Amino acid sequence: MAINGLGGKSFSLVDSSSYVVLAGSAEQGVEYGLSSISKNVNNFLISEDVERFYTKDLPLLFNWQWSDLEKNCYPFRINRTYFLRKNGFEQLLNEIKFYPQSKNSHIIIHLGEELLKPISLDTVKIMMQQADEFAREMKSTILWVLTGDLALTLFDKLRRFNQVIAGLVTVATEAASQTLFFDFWRHETGYFTEVSCQVTSHTPLTLKVYEKLDSGHFQQFADQNEVLLTQAIVPSDTKLPPTYQVFESNEALFVAVQEKKAATIVFNINKKTDQNALAEQCFQLRKSNGNWLKIVLKNTDGVIRHKDECLFLTVGVNLILHSSTDISRLMSQIQAIQGYKFSRPLPPSFAEVLSYSQGSSEKGYLSVFSFIDEVFRHRETAVNTGVSGVMVVLTLQKGLDAGDVVSLFNVKRSGDIFTATEKHIYIYLNACRENDVDLALSRLFRLSLGEFFLFHDVFSTELSIEEQCRVIRKAAMNGDVQDYSSQIKSSNVADLNQSQARSTENSKQEFSDFNRKNATPISLKVKNEHE
């Protein structure tokens, strides 16, 4: 074959053998079929659309001239009616045998998607067995060129036919990059297996391999270009590509994608969405449909919290898009992940994911030992779900008492906890990234940080957080730390207002009657200004 990069012998076709090329595009399949034509032997072109081969400009493609091949290249047009009859392919091979040029020849058999649809897998196997017998009898080479999305789905099935085919290669294109995956290939000096190559086109086209990739299993599916999404994501009057399907709700979408293997599905999520229920559906789809399925979440209002993002990513979601992502950007993001395989490991069960994601409901001030216990509980959750957490150490200004400062913190979110020593305030912010610390502190502390603290340090790694916990535990064990719970409680404005209300209700108001018997009324007259 006219392919360079792994050596000429590696891509050679051995006599008395059959090879299979699977290509999603008919144009690609035709190019690879033409690249196998040789001037040194007789060539037969068998296709329902023979003209497609003759439309190629060979001087630009392979630096050949059709005049060089007209003498030893014989085209055969497939008649679909006769071909699909019982033993139709066998009769075609018998017809070719009548030509003396078929001895030691090279035969290209092109089957497009429309011709493949009515043919069952058992029939394909029988046809390849018949072709292998023909190749051995005539000492010829046969190159099957199967094109279309349906052809790509035959990859796993054709791997089992290695007794009757000597090579299986898949052609795939992502953007401008073309990839060949050789599952196995017999050449003059042996075999090579599971080799992926990126291919570039030159003028003249030689399909030169410029990079050899790591070996691995390569797959393509008929539904890999399909995108299924909900109506809430699509603005009115939006024109979507033909590969997009719109469903009324997340539930309808979930039912429709049960049999999909490599499609992209987009759920919408908003403030009213039951996130645990949606996460469980994503987990079920990832478990049942496999890692080639692409699962995307599109937020339609508000912002998904970091903790919830980590939950969805843990259960198998590929991508999360926020409310600011318009429909055009959504299409670009979907295109960016198509063709990729989900590679993160999944937890054993969704119940286990929920147990890890719950974390702790504690918030606000805790004594030192309770604080340390809660930090380690949060860190266990972080390890299992990927939720970020940071430890912030605030150093007090000289002369300030920690007991007076701790009452100034206003903690509203569960998981945000803090404790204090004589000179430092220790805060653990759960589900918080390091670059969000300043914003979080401005919401936690009622006044300006600079007036009470010299500086603050942020610790985000596992080892650094553990080290800070050891520091405050050691200080507490030495008796250098006191419990500030009473100061926090006494400064709680809500509790103070409630106690005042209770004291007002319990107190009885007494009224005294003052009767001044000797008082005499006095008449007052306003003086006129002219008087």
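Just above sits the structure.
Sequence order as written defines residue numbering, which begins from 1 separately in each chain. Thresholds applied to this predicted model are a pLDDT of at least 70 for local features of residues and 80 or more for the giving and counting of side-chain atom pairs; totals over whole chains, interfaces and linings are not thresholded and use all residues. As a rule here, side-chain values cover all heavy atoms of the structure and leave hydrogens and water aside.

## Concerning the overall build of the protein chain
Argument step 1. A helix here means a DSSP run of H or I that spans at least four residues, while a strand means a run of E at least two residues long, and both kinds are numbered starting from the N terminus. Each helix and strand in the protein chain was counted, giving 21 helices and 19 strands.
Argument step 2. Type-normalised accessible area, obtained with a 1.4 Å probe on protein chains alone, sets the label of each residue: buried when under 20%, exposed when over 50%, and partly exposed for intermediate values. Here the protein chain holds 531 residues, and 46% of them are scored as buried.
Argument step 3. Here the open area of atoms and residues is found with the Shrake-Rupley method and a 1.4 Å probe, where only the protein chains shown may cover a residue. Just so you have it, the protein chain exposes about 28,600 Å², and 48% of that area is on carbon and sulfur atoms.

## Considering empty space enclosed by the protein
Argument step 1. Each cavity reported here is a set of points on a 1 Å grid over the protein atoms alone in which a 1.4 Å probe fits but cannot get out, each pocket an open set with protein on both sides within 12 Å along at least five of seven lines, and each lining residue one with an atom within 4 Å of a point. Grid points are joined across faces, edges and corners, and a volume is the space filled by probe spheres set on the points. Applying the stated criterion across every chain yields a total of two cavities of 30 Å³ or more.
Argument step 2. What the largest cavity holds in volume is close to 50 Å³.
Argument step 3. Leu111, Leu116, Ile119, Val124, Met127, Met128, Trp144 and Leu146 are the residues that line the largest cavity.
Argument step 4. Mapped by element, the contributors of at least two residues to the lining of the largest cavity are helix H8 (121-138) and strand E5 (141-147).
Argument step 5. Per-element accounting of the lining of the largest cavity gives the leading share, three residues, to H8.
Argument step 6. Tallied by class, residues from the lining of the largest cavity come to eight nonpolar, no polar and no charged. Note that Gly is not counted as nonpolar here; it falls among the polar residues with everything else outside the nonpolar set of Ala, Val, Leu, Ile, Met, Phe, Trp, Tyr, Cys and Pro and the charged set of Asp, Glu, Lys and Arg.

## Some words on the sheet that holds strand E17 (residues 417-420)
Argument step 1. Any two strands with at least two DSSP-identified bridges between them are counted as paired. Strand order in this open sheet of five strands is E15-E17-E18-E16-E19, and the pairing throughout is mixed. Only two strands of the sheet have a single partner each, and these edge strands are strand E15 (364-365) and strand E19 (453-459).
Argument step 2. Direction of pairing for strand E16 (residues 389-396) relative to strand E18 (residues 424-430): antiparallel, over a ladder of seven bridges. Counterpart to Thr395 in the pairing with E18 is His424.
Argument step 3. Across the sheet, helix H18 (residues 437-444) lies against E16, E18 and E19, angled at about 115° from E18, the strand it touches most.
Argument step 4. Whether two residues are in contact is decided by their heavy atoms: any pair within 4.5 Å suffices. Orientation is described by lines fitted to C-alpha atoms, with helices fitted over the stretch in contact, and by angles between N-to-C directions that extend from 0 to 180 degrees. Sitting on the sheet, helix H19 (residues 462-477) touches E16, E17, E18 and E19, and the angle it makes with E16 is about 45°.

## Details of the nonpolar core
Argument step 1. Counting residues in hydrophobic clusters, the biggest one holds 38 residues, and the most contacted among them are Leu111, Met128, Trp144, Leu146 and Leu158.
Argument step 2. Looking at this core element by element, the count peaks at seven residues for H8.
Argument step 3. Every residue in contact with Trp144, bar those within four places of it in the chain, is listed here: Ser18, Tyr19, Val20, Val21, Phe89, Ile109, Leu111, Met127, Met128 and Ala131.
Argument step 4. By nonpolar core we mean a set of buried residues, namely Ala, Val, Leu, Ile, Met, Phe, Trp, Tyr and Cys, connected to one another through side-chain atoms within 4.5 Å. If you look at the next biggest cluster of nonpolar residues, it comprises 28 residues, including Trp66, Ile108, Leu180 and Cys197.

## A few points about the pattern of salt bridges
Argument step 1. When a carboxyl oxygen of Asp or Glu is within 4 Å of a side-chain nitrogen of Lys or Arg, the pair counts as a salt bridge. Here the structure, examined in full by the defined rule, presents 14 salt bridges.
Argument step 2. We note a salt bridge from Glu27 to Arg52, for which the minimum N-O separation is 2.7 Å. With Glu27 in helix H1 (residues 26-35) and Arg52 in helix H2 (residues 51-54), this pair connects stretches of sequence that are 25 residues apart.
Argument step 3. Note on Arg52: relative accessible area 26%, which makes it partly exposed.
Argument step 4. Across the pair Asp49 and Arg52 runs a salt bridge whose closest N-O atoms are separated by 3.4 Å.
Argument step 5. Connected via shared salt-bridge partners are Glu27, Asp49 and Arg52.

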